[in-house]
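Take a look at the letters that make up each chain.
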Amino acid sequence: IYAFNAVTGQQDWDTVTAGAVLSEPAFDDGTLFTATQSGSLYALDAGTGTVDWSVTLSGDSFFSSPAVANGVVYEASLRGAVDAFAESSGAVLWHYVLGGFGQSPVVTDGGVLVTGQEGLVRRFTLSGSSDTFAPPVHVIPRRQRALAGQ
């Protein structure tokens with residue numbers, strides 16, 4: 001991961017991660033959060049690139065961008081799960097299996113929205129409860145809508 005000065009274009013710092021970073025980082029309160037293809041989630045000091053903490057989920061990969069709100073980092077994985085981590089330490093707060101590749105989580109005032117491979121949108125509460133979510137809403141992919149004349 002590289003950081004560049006927005007005015008001069010000079011490189012400020014770089015940090016090596018275990019695995020490729022294939023998505024955009026999230027930023028909150030001076031910390032960058034990024035996930036890797038090898039299943040690691042990092043919290044980096046945005047000013048120095050120093051690793052504040054990292055966690056690795058064995059046998060998993062992250063291709064989506066993390067989201068941060070209210071002291072919690074949310075990430076969806078290739079194995080089809082959504083995980084919530086403590087922003088301050090990386091401790092796993094909760095885990096929910098979607099049953100298919102998870103897209104980047106989106107935080108709203110009503111919860112965390114995640115779309116899985118099967119095309120369903122699930123809403124999780126911000127409080128971190130993994131067993132309370134809104135009934136899935138079926139999303140019709142554009143290609144199917146076009147074929148159906150919608």
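Residues numbered from 1 in each chain as written. Predicted model: local features only at pLDDT ≥ 70, side-chain atom pairs only at ≥ 80, totals over all residues. Heavy atoms only, no water.

Novice: I keep staring at unusual backbone geometry and nothing clicks. Help me out?
Specialist: The phi angle of most residues is negative, glycine excepted, and most peptide bonds adopt the trans form. With a phi close to 50°, D29 is a non-glycine residue in the positive phi region. Inspection of the secondary structure puts D29 in the loop between β3 (26–28) and β4 (31–35). Of the residues examined, D29 reaches a relative accessible area of 72% and is grouped as exposed. In this structure, N70 takes a positive phi of about 50° despite not being glycine. Looking at where N70 falls in the secondary structure, it is placed in the loop between β7 (67–69) and β8 (72–76). (Helix = DSSP H or I, 4+ residues; strand = E, 2+ residues; numbered from the N terminus. Buried < 20%, exposed > 50% of the residue type's maximum accessible area, 1.4 Å probe, protein only.)

Novice: Can you walk me through the nonpolar core in this structure?
Specialist: Most often, soluble globular proteins have nonpolar side chains that are buried together. Within the largest apolar cluster, twelve residues are counted, these being A26, F33, A35, L41, A43, W53, V55, L57, F62, V68, V73 and F85. Counting residues per element, the ones that place at least two in this core are β4, β5 (40–45) and β6 (51–56). Once residues lying within four places of it in the same chain are set aside, the contact partners of L57 are G39, F62, R79, D83 and F85. One finds Y74, W94, V112 and V114 within the second-largest nonpolar core, a separate group that totals eleven residues. (Core = buried A, V, L, I, M, F, W, Y, C linked by side-chain atoms within 4.5 Å. Contact = heavy atoms within 4.5 Å.)

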